[in-house]
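Overview (structure and organization)
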There are 2 protein chains.
Amino acid sequence: MNSKKDLGGLGALYPMPVVIVGAMDGERANYAAVAHVGILNYGQPQHLSIGLHKSHRTNHCIKATGAFSICMPSEDLVVRTDYAGIASGKREDKSKLFSTFFSPQGKAPMAQECPVCMDCGLHDVLDYGTHEIFVGEVLHTYADDSVLTDGHIDIGKLRPMLFDMGSKQYWSLGRPIAKCWEVGRGFKGE
Amino acid sequence: MNSKKDLGGLGALYPMPVVIVGAMDGERANYAAVAHVGILNYGQPQHLSIGLHKSHRTNHCIKATGAFSICMPSEDLVVRTDYAGIASGKREDKSKLFSTFFSPQGKAPMAQECPVCMDCGLHDVLDYGTHEIFVGEVLHTYADDSVLTDGHIDIGKLRPMLFDMGSKQYWSLGRPIAKCWEVGRGFKGE
């Protein structure tokens, strides 16, 4: 009855939004591209996660400062976003990759070129062998007027970049399909 | 210099893939739609997270069985997927919403209609106040031939549903933009 193929313990939870994670490396801003991200809860405080291999410089920076940012690049930033994922913060100065700004009292650098930036406090670090999971609490979320509609972030204007490990490609966002908690009302089965 | 608007501690990490989470409720399969998901690490074992408000029946089911599935619906399943997010497993029998199959020795029901299904063992439960975060280890990933290209899951064929809280809409996947770890090579700044 089940005609599906067993691909083993493959992670297939794609696509995921690509983000730029900012953290201070001493006096210098560092930016890294990350797509293994997550939403933990829904509410206040709002907790988000980013998963990073322990080899990354960003891990050290986040632990040293207790702060990081999660910035959402638009698809027109694909070249420098990909570069932020290729170039190592251990060997290269990525502080000029974006124009840096901070929250008042904020400790995490944010990328002005990204239309949406979340300033996060470090809530927890989870040890997953080769990886560390950084759980952030969103303190301030900044958005350009150009991506707002009636005061809300409009992802149709933001045009976020989506990451897929299967194709090793970035994908664009498509179109709205249907309204949530509405299109399924009255479903009675086939 | 920074002209962005401060929207407070708003979670803006969208869109996220919508999944159907399957878990046994006694002898009966239960299915729920979840979009607050995450990828923790990358490798084997592969760990994924789903965040669920404690009021959901699914939380009880996962803790009682130590198992759940993460199934990826295509956009043509939008009506029943949305229904799975509206109807409460406490009051309604959602076992017939999908055709159930299991892994050999598997304890979590999977939705045959979803082209990709991941059978997960419960690795950890994180307490986040109103929410519980269920960390799963992917044991088996099943995929329909119709969504495979050269043996890999092809999200262009899968057509996953994406969730956005800002617009409260489901969105489709767009097109490939560029190759990862390639388009940014040679970036030298502006």
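Residues numbered from 1 in each chain as written. Chains lettered and ligands numbered in written order. Predicted model: local features only at pLDDT ≥ 70, side-chain atom pairs only at ≥ 80, totals over all residues.

A few points about the overall build of chain A
The helix and strand tally for chain A stands at 3 helices and 15 strands. For chain A, whose C-alpha radius of gyration is 18 Å, the value lies close to the compact-globule estimate of 16 Å for 190 residues. Counting only C-alpha atoms and orienting by the principal axes, one finds that chain A spans roughly 60 × 45 × 30 Å. The long-range share in chain A, meaning contacts at least 24 apart out of those at least 6 apart in sequence, stands at 64%. (Helix = DSSP H or I, 4+ residues; strand = E, 2+ residues; numbered from the N terminus. Rg over C-alpha atoms; globule rule 2.2 N^0.38 Å. Contact = placed C-beta atoms within 7 Å.)

Let's talk about the relation of the copies chain B and chain A
The transform that puts chain B on chain A rotates by 180 degrees and translates by 0.0 Å along the axis, for an RMSD of 0.0 Å. Both copies are brought into coincidence by an operation consistent with a two-fold rotation axis. An overlap of 100% is found between the interface residues of chain B and their copies at the interface of chain A, pointing to a shared contact surface. (Least-squares fit on C-alpha atoms with pLDDT ≥ 70 in both.)

Points about the pairing of strand 4 (residues 28-34) of chain B
All names here are of chain B. When you tally the buried positions in strand 4, you get 6 out of 7 residues, the bulk of the element. As paired strands, strand 3 (residues 19-25) and strand 4 are joined by 7 bridges and run antiparallel to one another. Within the sheet, the bridge partner assigned to Ala 23 lies in strand 4 and is Asn 30. (Buried ≥ 20, exposed ≤ 12 C-beta atoms within 10 Å, placed from the backbone. Pairing = 2+ DSSP bridges.)

Remarks on the sheet that holds strand 15 (residues 169-179) of chain A
What the 6 strands build is an open sheet, ordered 2(A)-14(A)-15(A)-15(B)-14(B)-2(B); its pairing is antiparallel. Every other strand in the sheet has two partners, leaving strand 2 (16-17) of chain A together with strand 2 (16-17) of chain B as the edge strands with one partner each. Here strand 2 of chain B runs beside strand 14 (residues 162-164) of chain B; their pairing, made up of 2 bridges, is antiparallel. Each residue of the ladder has a partner; that of B:Met16, found in strand 14 of chain B, is B:Phe163.

Considering the interface of chain B and chain A
Taken together, the contact pairs 90 residues of chain B with 90 residues of chain A. Counting residues per element, the side of chain B that touches chain A draws most heavily on strand 15 (residues 169-179) of chain B, which supplies 11 residues. Taken together, the residues that form the side of chain B that touches chain A break down as 47 nonpolar, 28 polar and 15 charged. Sheet analysis places strand 15 of chain A next to strand 15 of chain B, joined by 7 bridges and oriented antiparallel. Counterpart to A:Lys179 in the pairing with strand 15 of chain B is B:Gln169. (Nonpolar A, V, L, I, M, F, W, Y, C, P; charged D, E, K, R; others polar.)

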